[in-house]
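Summary of the model geometry
The residues making up each chain are set out below.
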Amino acid sequence: MSRPRLLRPLGGEVSVHVAAPVDRVWALVSDVTRIGEFSPETFEARWTRGSTGPAVGATFKGHVKRNGVGPTYWSGCRVTRCEPERVFEFAVGTDAVPINNWGYRLEPEGTGTRVTEYYRLEPSLPLRLYWLVLGPLRGRTNERGMRTTLERMKTVLEEEQ
């Protein structure tokens, strides 16, 4: 039995090939303190609560300028998956109420790496309603932002070769 459209997972992803080995790509995508160099919305981030690097349960805050213009706010984040050179994922929101999840999947591809940035919203009723109304617009914004982020990372990684 197929599920109604309203109940489908909420999210998206973008992939690029980077001419750099997976270990170098991993070092970049899992260093949240560098996101401000690449993201059009998150212009800085820092580890919090004694966390100093990527590990499941580590926490950090991202300083966000929504849609690149505002409002500006800090978002709490917690690392939920950390498989070196494979997956780095984090939940955004509070410890008790995550709103969405962002991550990077890495796959060796020839002499380089296929990098996929993705997001998915938590399947709560308020977020489903939000997505029903604003999902197409926000989804396009997220896709453009992920592509921009990945292309900027690609440039840095390939220039360092």
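See the structure printed just above.
Positions within a chain are numbered from 1, following the residues in the order the chain's sequence is written. Residue-level local features of this predicted model are given only where pLDDT is at least 70; pairs of side-chain atoms are given and counted only at 80 or more, and the full residue set underlies all totals for whole chains, interfaces and linings. Each side-chain value is derived from all of the structure's non-hydrogen atoms; neither hydrogens nor water enter the calculation.

A few points about unusual backbone geometry
Here is the rule we go by: Comment: elements are numbered from the N terminus, with helices defined as DSSP H or I runs of at least four residues and strands as E runs of at least two. Here's how the labels work: a residue is buried when its accessible area is under 20% of the maximum for its type, exposed when over 50%, partly exposed in between, all with a 1.4 Å probe on protein chains only.
The phi angle at R49 is positive, at roughly 50°, despite the residue not being glycine. Its location among the elements puts R49 in the loop between β2 (42-48) and β3 (59-65). A relative accessible area of 64% places R49 in the exposed class.

Some words on the pairing of strand β6 (residues 98-109)
How we decide: Any two strands with at least two DSSP-identified bridges between them are counted as paired.
Examined bridge by bridge, strand β5 (residues 87-93) and β6 share seven bridges and lie antiparallel to one another. What sits directly across from F90, in β6, is W102. The hairpin turn running from β5 into β6, its antiparallel successor, is four residues long. Taken together, β6 and the strand that follows it, strand β7 (residues 112-121), pair antiparallel across an intervening segment of two residues, in which G110 is found at a positive phi of about 65°.

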